[in-house]
Amino acid sequence: MDYKSFIEVQFPVSKVSKESYKERKAGSGQTLTGLGKWWGRKPLILVRAAILGLLMPATDNPKKDMEIFLKILTMDDDGLLKRKNKSIEPSVIHENLSPREQKEYFDVDENGKVVYKKDVTKDDKQNLQTIAFKRLSYDEKLKYCIRPEEVDNIDKPEWDEINEYLGTSAYNLQDLMRQLGEKRFGEVPTIGDCFCGGGSIPFEAARMGLNVYASDLNPIAMLLTWSALNILGSSEEEIEELKRFQERVYNKADAIITEWGIEHNEEGHRANAYLYCNETICPECGYKVPLAPSWVIGKGTKTIAILKDNGKGGFDIEIKMGATNEEMKRAEKGTVRDSKLICPHCNMETPITAIRKDRRLEDGTIIYGLRRWEKYEFIPRDDDVFKERLYCIRYEDENSNRYYTAPTEKDLKREEKVIELLKERFNEWQEKGYIPDSVIEEGDKTDEPIRTRGWKYWHQLFNPRQLLIHGLLMELIDKEAKSKNEKVVGLLGVNRCCNWNSKLSRWNSAGAGGIGKVEDTFYNQALNTLYAYGTRSMYFIYNSWFFDIKKLLFLNRFNHNLLDARNLNDTSTFWLTDPPYADAVNYHELSEFFLAWDKKMLKNIFPDWYTDSKRVLAVKGRDESFKSSMVEIYKNLAEHMPDDGMQIVMFTHQDTSVWSDLTLILWAAGLRVTAAWNIATETDAGGLKEGNYVKGTVLLVLRKQNSDNTAFMDEIYTEIEDEVKHQIDVMRDIDDKDDPNFSDTDYLLAAYAASLKVLTSYKSIEDIDVAYELSKERGNGEESPVEKIIQQAVKIAYDYLIPKGFDGFVWKTLTPEERFYIKGLDIEKNGVYKLSSYQELARGFGIKEYKGLLASTKANQARLKTAYEFGLKGMNDNNSEFGRSLLRNVLAALYISIKEEDTSKGKSWLKSELPNYWNKRNAIVLILDYISTFEHISNMSNWEREAKYARLLRELVSNDGI
């Protein structure tokens, strides 16, 4: 039976977004993050909600459907209360009680602090906790809750209600999913993912009791997915043995390092961090200058490095703890600023590119000047442009007190010993695969180490101390591991160490409470070379090596393959995929950082696997070859699912040209879109790629294309308009009025989805040649027919989405520029100040010139001009639609009212300057009424004067008589 799934009709966008954000904020506490680094892992709650949404049927009672859906995921009121694991502070409880309740249970002490009254019992306090919790918003409740995945099970009364509604007899999530699958398909469904990456989709599907198929082209992706399904699915006894293995390897490595005497000083204190910097020769004065963007080492301890001219053509570096505020301020200014060397001896500035001797040829080709390091090299040569220098060590004494010091002569001797120890082992370790020996292949993300440092081999991204520690761990894994699982756990541990201990690991002077911390290599999606970096000692690498191996029960079968998605032959009931798209992340290149360490041992563990990243086959870019690869892959997936099967494509882009490409790809693959939902999945982080990338994930829900119909373009536009309005109406009707699920972004996404639904519901459209459009290279600004359709759908949505509190009739009479302005005020009211939001508005309303309406275009500070900021500029400008508009005249009247402190002057302006004043009076009153609502909104404080005068002017105009 082909019935609609819950996710095709509705989805709790807001709640899933908030739960996803909470999961992301857990950082290393996330279930799969501990296994190793992978870029863009999707939150497990998002996967769980999507899979449940596919299997749960939609009925003719959408409100009840949503209630049951949230109950299963413990995202309803009862579920949140069950997840509550922290006590609410008395002050927060107090804020959420009535005045009578506040008076009954609370006092205020002499310090103004809210405290319980002395006679309040333990039961009273527990009852107040529950009362206050229920009155909190969803966001506030989550602060006191564990994640849904951390709940063992919901209670029997909830299951009884769920079973009665769904016709099941389950008392845990796994049984429910299997029963829903068997009711619909006659068997337990299989969830397939051919871009499994970090393993979120197959892992969560397996945990939900479903069968799983997972594949990926990339060996590191498959290692992580294999580990998620096999290591975390081990028995209690096996997990304890794996933990003992971790301890055994670490302890042996630690004992060897201690015996070598390379981390302890003469007092017996042990180093936990080493700070290195590059040095280069200033071309102006010939001095050897240490390079760092800042010489602040620990903000909390006020530790700095001070450069002192040694009179010998260079600088000594003094380490000072407890620096003065003035010294801290000076130390913030390093010797590298804005990609220039700032020489502290001659005070001259030299571009780093000039120091590297990079040059540009007449044809625009750049020739990079640094020499390429040889395979046997792991330290710079004497004649290299950049040398490396140890300039600070953090030691820990017998009482665990940490202190910084400049390296002494004996410290430098220990540094030399590290180099000698590595030299003795270097060739053997490379041959055995304990340290990398492979070349860095040039690419978009791998070019930087080559051109900015001359590093040609992967091992050169690590200094001798790092290579020695990691190589020792690899040697011990090889000798100590007795099983495949132990070898895998060891390899994952080394990969984690490499991420947190390379020459690309930043030193964060504010980290660890201001003490200072070595950060990970991949804080963004790139290989960023550094002028100064941190190194973890063997003693301090403890947290990188160990990761929490949890026992999780998988009651199903799963299959996994390392292969190209174009070649898979396994059938899945549902395909959930998160494909690489528009170069958002260059997985194939970045993963080589780990693959360089893993390849020889990986081949030993998995003899049937290949051990290169298959760059040539990787799906990447946006050109014709990418699009044809995607069509091939999704056509193959469509062929390997039943006729009543479904797919979800996860997608993180908002450029209409990319949406257009995706539409054509899915269309050509024989798939049709049935729904789309936008979930906020990303936390704020540095290094996010610029452009139309969103901190969210679009879930595109798909079925097989089963139509033989052909449509004409003129029919399409009418159909899309109806579908856009229908989709928005449905979303509004089912939305929770107290805790809304949908924002404007979601309603606009509905317009994208509506256009895709209509387009892909036909086998063909008379005026669109899919194959031709996919192969065509377009110039800048050139739109495809599909792009034009999507843009029209967005315009329909904008016209239909009337700002809350604004009159619908007046809205329809406004020009696009006026709608843009009022909609802009609406997003400001919601605390959104992103320039991209105004760009989207402009596109939606078909406006090319809009920046003249903005008071600020700064990132995260964009906003519209107020009436007073406009003044009378541009009034009645024949070249400006906005300058002649009704709204512009109302703003001018407000400006005059404020300037003259007399609203009668504003009314006089409108009567004398605005044509047809009497016919437009009702519209003027409604616009002023809307602006007056800003008076007590915190986000609209810059509109406070205008709002006040709008209220007064509204009364004058409203009561005006002829």
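Anyway, here's the lowdown on the structure attached to this text. Quick caveat, the model's predicted, so the values are computed rather than measured.

Let us look at the overall build of the protein. Counting its secondary structure elements, the protein contains 38 helices and 28 strands. Computed over its C-alpha atoms, the radius of gyration of the protein comes to 32 Å, within 12% of the 30 Å expected for a compact globule of 962 residues. With respect to the principal axes defined by its C-alpha atoms, the protein has extents near 100 × 80 × 75 Å. Intrachain contacts of the protein at a sequence separation of at least 6 include 72% that bridge at least 24 residues. Looking at the protein as shown, the accessible area adds up to about 40,900 Å², and 45% of this sits on carbon and sulfur atoms. Distance between charge centroids for the protein: 3 Å, based on 135 positive and 154 negative side chains.

On to the pairing of strand β24 (residues 697–704), then. Among the 8 residues of β24, 8 are classified as buried, and the element is accordingly described as predominantly covered. When strand β22 (residues 646–651) meets β24, the two strands line up antiparallel, connected through 5 bridges. Following the sheet pairing, Val649 is matched in β24 by Leu700.

Its 12 residues place the ends of helix α13 (residues 219–230) 16 Å apart at the C-alpha level, agreeing with the 16 Å of an ideal helix rising 1.5 Å per residue. For α13, the buried fraction is high: 11 of the 12 residues fall into the buried class. Taken residue by residue, α13 has Pro219, Ile220, Ala221, Met222, Leu223, Leu224, Thr225, Trp226, Ser227, Ala228 and Leu229 as its buried positions. In the core, the buried residues of α13 are packed alongside α12 (200–207), β4 (211–216), α20 (484–500), β20 (558–562) and α24 (592–605). A side-chain oxygen of the first residue of α13 lies 2.9 Å from the backbone nitrogen of Ile220; this N-cap is Asn218.

So, about the side chain of Asp384. Assignment of secondary structure puts Asp384 in the loop between β14 (366–367) and β15 (387–396). Assessed through its relative accessible area of 9%, Asp384 is described here as buried. In terms of polar contacts, Asp384 uses its side chain to reach the side chain of Arg371, at 2.5 Å. A polar contact is formed between the side chain of Asp384 and the backbone nitrogen of Arg381, at a distance of 2.8 Å. Contacts of Asp384, omitting those with residues within four sequence positions, involve Arg371 and Trp373.

Moving on to the packing of aromatic side chains. One pass over the structure, following the stated rule, counts 40 aromatic pairs. Judged by centre distance (5.1 Å) and plane angle (85°), the rings of Phe522 and Phe593 are edge-to-face. Taken together, the positions of Phe522 in the loop between β18 (517–518) and β19 (532–536) and Phe593 in helix α24 put the pair 71 residues apart, joining distant regions of the chain. The class of Phe593 is buried, set by a relative accessible area of 0%. A connected cluster of aromatic rings, assembled from ring pairs, spans Trp38, Trp39, Trp458, Phe462, Phe522, Tyr587, Phe593, Phe594 and Trp597. Over the ring of Phe386 we find Arg453, and its NZ or CZ is 4.9 Å from the ring centre.

Moving on to the sheet that holds strand β7 (residues 296–298). Within a sheet, neighbouring strands are paired by backbone hydrogen bonds and run either parallel or antiparallel to one another. Pairing is antiparallel across the open sheet formed by 3 strands, whose spatial order is β7-β8-β9. Edge strands, defined here as strands with exactly one partner in the open sheet, are β7 and β9 (315–320). For this sheet the average axis-to-axis angle between neighbouring strands, irrespective of direction, equals 30°.

Before going further, it helps to examine empty space enclosed by the protein. A complete count under the given rule lists 5 cavities of 30 Å³ or more for this structure. Here the largest cavity is characterised by a volume of approximately 400 Å³. Trp38, Phe195, Asp216, Pro580 and Tyr587 are, among the 32 residues lining the largest cavity, the residues nearest its centre. If you list the elements that add at least two residues to the lining of the largest cavity, you get α12 and α23 (587–590).

With respect to the helices and strands, the residue Pro351 is situated in strand β12 (residues 349–351). In this structure the C-alpha to C-alpha distance between Pro351 and Leu341, which are 10 residues apart in sequence, comes to 6.2 Å. In contact with Pro351, not counting residues within four places along its chain, are Ser339 and Lys340.

Our focus in this paragraph is the sheet that holds β24. One open sheet accounts for 7 strands, arranged β20-β4-β3-β21-β22-β24-β23; its pairing is mixed. Either end of the sheet is taken by a strand with one partner, and the two such strands are β20 and β23 (671–679). With direction set aside, neighbouring strand axes in the sheet form an average angle of 15°. As paired strands, β23 and β24 are joined by 8 bridges and run antiparallel to one another.

Quick look at the pattern of salt bridges now. For the structure shown, the criterion picks out 64 salt bridges. Between Arg100 and Glu104 there is a salt bridge whose closest N-O contact spans 3.0 Å. With Arg100 and Glu104 both in helix α7 (residues 99–105) and 4 residues apart, this pair spans about one turn of that helix. Here Arg100 falls in the exposed class, since its relative accessible area comes to 55%. Classification of Glu104 as partly exposed rests on a relative accessible area of 41%. Between Glu480 and Arg248 there is a salt bridge, with the nearest N and O atoms lying 3.1 Å from each other. Within this pair, whereas Glu480 is found in helix α19 (residues 464–480), its partner Arg248 is found in helix α14 (residues 236–260), the two being separated by 232 residues in sequence.

What follows deals with the side chain of His459. Structurally, the position occupied by His459 is in the loop between α18 (447–453) and α19. Side-chain polar atoms of His459 contact the backbone oxygen of Glu377, separated by 2.8 Å. The residues touching His459, leaving out its near neighbours within four places in the chain, are Lys375, Glu377, Phe378, Phe426, Gln430, Pro436 and Leu467.

Conventions used here
- Residues numbered from 1 in each chain as written.
- Predicted model: local features only at pLDDT ≥ 70, side-chain atom pairs only at ≥ 80, totals over all residues.
- Heavy atoms only, no water.
- Helix = DSSP H or I, 4+ residues; strand = E, 2+ residues; numbered from the N terminus.
- Rg over C-alpha atoms; globule rule 2.2 N^0.38 Å.
- Contact = heavy atoms within 4.5 Å.
- Areas by Shrake-Rupley, 256 points an atom, 1.4 Å probe, with all protein chains shown as cover.
- Lys, Arg positive; Asp, Glu negative; His and termini not counted.
- Charge placed at Lys NZ, Arg CZ, Asp CG, Glu CD.
- Buried < 20%, exposed > 50% of the residue type's maximum accessible area, 1.4 Å probe, protein only.
- Pairing = 2+ DSSP bridges.
- Expected span 1.5 Å × (residues − 1).
- Polar contact = N/O pair within 3.5 Å; in protein donor to acceptor, adjacent residues only side chain to side chain.
- Phe/Tyr/Trp six-rings, centres within 6.5 Å; stacked < 30°, edge-to-face > 60°.
- Lys NZ or Arg CZ within 6 Å of the ring centre and 35° of its normal.
- Axes fitted to C-alpha atoms, helices over the stretch in contact; angles between N-to-C directions.
- 1 Å grid on protein atoms, 1.4 Å probe; cavity = no way out; pocket = protein on both sides within 12 Å on 5 of 7 lines; lining within 4 Å.
- Points joined across faces, edges and corners; volume = space filled by probe spheres on them.
- Salt bridge = Lys/Arg side-chain N within 4 Å of Asp/Glu carboxyl O.

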